[in-house]
Amino acid sequence: MKTVFRAMAIAAALLPSLSAPVRAQAPGFDAEGCGWYIILGCSKIRTDARELLIDMGGPMVGGGAGSRVINTSDLDGFNPGFYCVADGPYLSQADAGSVAWVEAVPDAYVKRGC
């Protein structure tokens, strides 16, 4: 039941962005091969991060880049050894910051990784 309420809260937070005409977020990497990610939660255990992703609505929920589990050991700029649920990469910090995750996940933050 907790999962259902969490999914409903996430959907409610994202709905205003679907109904209002706004500038689209640009998914992708910059010229240096880096991108901006919205970090929604992390764990040392991959399956825990995967469960969090499913609780949040699964892959491709969020902005134009979609959410997924990333291995922080694969990205420069991140502390290695974690599996994080992230939406990204986006071309700019502004694009990543414009996605409405903070309403659903108050601890969400934006981080650059290469």
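Look above for the structure.
All values derive from a computational prediction rather than experimental measurement.

A word on the sheet that holds strand S2 (residues 67-71)
Taken in spatial order, the 4 strands line up as S2-S3-S1-S4 in an open sheet, and their pairing is antiparallel. What marks the edges here is a single partner per strand, and that holds for S2 and strand S4 (109-113). Strand-to-strand twist in this sheet, taken as the mean axis angle between neighbours without regard to direction, amounts to 45 degrees. Here strand S1 (residues 35-43) pairs with strand S3 (residues 83-90) via 6 bridges, running antiparallel. Within the sheet, the bridge partner assigned to Cys-42 lies in S3 and is Cys-84. Along the sheet, helix H2 (residues 46-55) contacts S1, S2 and S3; its crossing angle with S2, the most-contacted strand, is approximately 165 degrees.

Focus on the state of the cysteines
By definition, a disulfide is the covalent link that joins the sulfur atoms of two cysteine residues. Summed over the entire model, instances satisfying the criterion amount to 2 disulfides. A disulfide bridge connects Cys-34 with Cys-114, and the sulfur atoms are separated by 1.8 Å. On the sign convention where negative is left-handed, the bridge of Cys-34 and Cys-114, at about 95 degrees about the S-S bond, is right-handed. Separated by 80 residues along the polypeptide, Cys-34 in the loop between helix H1 (2-19) and S1 and Cys-114 in the segment after S4 bring together distant segments of the chain. For Cys-114, a relative accessible area of 33% puts it in the partly exposed group. The disulfide bridge from Cys-42 ends at Cys-84, spanning 2.0 Å between sulfur atoms. Torsion about the S-S bond of the Cys-42 and Cys-84 cystine: about 105 degrees, corresponding to right-handed handedness. With Cys-42 in strand S1 and Cys-84 in strand S3, the pair connects residues that are 42 residues apart, well separated along the chain. On the basis of relative accessibility, which here comes to 2%, the residue Cys-84 falls in the buried class. Once the disulfide-bonded cysteines of the chain are ranked by sequence position, their pairing pattern turns out to be 1-4, 2-3.

Re the nonpolar core
Residues Ile-38, Leu-40, Val-85, Trp-101 and Val-105 are the most contacted members of the largest nonpolar core, which totals 16 residues. It is S1 that contributes the most residues to this core, 3 residues altogether. Counting 7 residues, the second largest nonpolar core, distinct from the first, contains Ile-70, Leu-75, Cys-84 and Ala-86.

Concerning the side chain of Asp-95
By the element assignment, Asp-95 lies in helix H3 (residues 93-97). Within polar-contact distance, the side chain of Asp-95 engages the backbone nitrogen of Ala-26 at 3.4 Å.

Conventions used here
- Residues numbered from 1 in each chain as written.
- Predicted model: local features only at pLDDT ≥ 70, side-chain atom pairs only at ≥ 80, totals over all residues.
- Heavy atoms only, no water.
- Pairing = 2+ DSSP bridges.
- Helix = DSSP H or I, 4+ residues; strand = E, 2+ residues; numbered from the N terminus.
- Axes fitted to C-alpha atoms, helices over the stretch in contact; angles between N-to-C directions.
- Contact = heavy atoms within 4.5 Å.
- Disulfide = S-S within 2.5 Å.
- Buried < 20%, exposed > 50% of the residue type's maximum accessible area, 1.4 Å probe, protein only.
- Core = buried A, V, L, I, M, F, W, Y, C linked by side-chain atoms within 4.5 Å.
- Polar contact = N/O pair within 3.5 Å; in protein donor to acceptor, adjacent residues only side chain to side chain.

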